[in-house]
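# Residue-level structure breakdown
Single-letter residue listing:
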Amino acid sequence: MRTIGLMSGTSLDGVDAAYLETDGEVIGRLGPRLTLPYDPKLRRQLRGLLDRAETLAENDPELIDAVRRLTDRHAEAVEALGLEADLIGFHGQTILHRPPVVGRNYQPFTWQVGDATSLARRTGMTVAYDFRSADVAAGGQGAPLVPVFHRALAAPLPKPLAILNLGGVGNVTWLGPEGEMLAFDTGPANGPLDDWARKHTGKDYDAAGKLALAGQADGAVLGRLMAHPYLTAPPPKSLDRLDFDRALKEAGAAELSAADGAATLCAFCAVCVAAAARLFPEPPLQWLVAGGGRRNPAIMRALQGALEEPVRAVEVAGWDGDALEAQAFGLLAARVARGLPITFPGTTGAPRPLTGGRIVGSLL
């Protein structure tokens, strides 16, 4: 199938679009990709929705306006690619993710906003969407979803292999030599750092890690953060973008200088990844890093110091680290259309390999 994958991640910076040809199992061809940034108003809207998502009503005027504008931006990304496709994989924007957690007394729930019907109508293409809810309803974490794509993409590479994606939240896929997959969220990544940079510099992120590189990680704050029970909890496990906000406040991060706070957040991202590595069946031969975090020298330096194996950007494998998640949703859309599993016991804790997703439009 000719597919276009769309992804708007927890960094809230924009929508990635990528073309690929796949049967859902093998990748035939990777095509063009692009990123359309969100305008400042939409970013503020989405960040505000995250802050009050637990009490947000579906008929909230701000939510309705944000969904319309977000969907329009996704349609513009498809149009900007200028390619016909059989199928669009539309993840939407996560505004609340509450997976099942032992000891937590709430109904598991995951909420991605976006109007798939409107997107199908505007683009004239079939749209696959709602990739997570069936897994959560069956007792899975609903995340991460990209490991089956990682397995297809990394088929020729030596194993074991760790593929780390650093968006607002970090997630890792461990691939074994016999096709085994283990995947889970590692902990906070760019999300808290972006919020910190916005608060202290007025910019949306710490460009080139300049703020963090000018500071020193605070050992006391880092030590308190390292005691968080999430880091030693066994997989399956996943996070909402704001899950560590309280821990960061209680650890005293807010009292640090702008530079030291940024350095501490970078160090904590790396510590979370190192804790994740201790949960692998065996050490990887190397780490391949995707997502915006790979562009931050402070984060990459912290990772190299925290991990024993080589740490490299995914470009060394010939991949496009800005496109992987969008490409993944193109492959996942094809799997939805074919009725193939998209979540697995080793990736989300699903009770068995599970199909999921929904389709708007007609596949010819």
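This is a predicted model, so every value here is computed, not measured. (Residues numbered from 1 in each chain as written. Predicted model: local features only at pLDDT ≥ 70, side-chain atom pairs only at ≥ 80, totals over all residues. Heavy atoms only, no water.)

## Looking at the overall build of the protein chain
Within the protein chain, the secondary structure is distributed over 13 helices and 12 strands. Its C-alpha radius of gyration of 19 Å places the protein chain within 12% of the 21 Å reference for a compact globule of 364 residues. On the principal axes, the C-alpha backbone points of the protein chain span a range of 60 × 50 × 40 Å. When the 364 residues of the protein chain are sorted by exposure, 57% land in the buried category. In the protein chain, of all internal contacts separated by at least 6 residues, the share reaching a separation of at least 24 is 69%. Of the roughly 15000 Å² of accessible surface on the protein chain, a fraction of 51% belongs to carbon and sulfur atoms. (Helix = DSSP H or I, 4+ residues; strand = E, 2+ residues; numbered from the N terminus. Rg over C-alpha atoms; globule rule 2.2 N^0.38 Å. Buried < 20%, exposed > 50% of the residue type's maximum accessible area, 1.4 Å probe, protein only. Contact = heavy atoms within 4.5 Å. Areas by Shrake-Rupley, 256 points an atom, 1.4 Å probe, with all protein chains shown as cover.)

## Re the environment of K41
With respect to the element layout, K41 can be found in helix 1 (residues 40-51). Here the alpha-carbon distance between K41 and S118, two residues 77 residues apart in the chain, equals 21 Å. Beyond its immediate stretch of four places on either side in the chain, K41 contacts D65 and R69.

## Points about the sheet that holds strand 11 (residues 311-313)
If you trace the five strands from one edge of the open sheet to the other, you get 9-8-7-10-11, paired in mixed fashion. Two strands in the sheet have a free side with no partner beyond their single neighbour: strand 9 (181-188) and strand 11. Neighbour-to-neighbour, the strand axes of this sheet turn through a mean angle of 25 degrees, independent of strand direction. As paired strands, strand 10 (residues 287-290) and strand 11 are joined by three bridges and run parallel to one another. Looking at strand 11, one finds that L288 is bridged to R312. (Pairing = 2+ DSSP bridges. Axes fitted to C-alpha atoms, helices over the stretch in contact; angles between N-to-C directions.)

## Points about helix 10 (residues 258-277)
Helix length check: helix 10, at 20 residues, gives a terminal C-alpha distance of 29 Å against a target of 28 Å (1.5 Å per residue), a fit within 8%. Most of helix 10 sits out of view: 17 of its 20 residues are buried. (Expected span 1.5 Å × (residues − 1).)

## Quick word on the packing of helix 10 against helix 11 (residues 297-306)
Axis separation between helix 10 and helix 11 bottoms out at 8 Å; the angle between their running directions is 40 degrees. Judged by the inter-axis angle, helix 10 sits oblique to helix 11. Crossing angle aside, the handedness with which helix 10 passes helix 11 is right-handed. Residue-level contacts link C266, A267, C269, A270, V273 and A274 of helix 10 to A298, I299, A302, L303 and A306 of helix 11. (Parallel < 35°, antiparallel > 145°, perpendicular 65-115°, else oblique. Left-handed = near helix turned anticlockwise from the far one by under 90°.)

## Thoughts on the packing of helix 1 against helix 2 (residues 61-81)
Here helix 1 crosses helix 2 at 130 degrees, and the two axes come no closer than 10 Å. Overall, the two elements helix 1 and helix 2 adopt an arrangement that is oblique. With respect to the hand of their crossing, helix 1 and helix 2 are arranged in left-handed fashion. Across from K41, L42, Q45, L46 and L49 in helix 1, the residues of helix 2 making contact are E62, L63, D65, A66, R69 and L70. Looking at the contact of helix 1 with helix 2, its residues break down into six nonpolar, one polar and four charged. (Nonpolar A, V, L, I, M, F, W, Y, C, P; charged D, E, K, R; others polar.)

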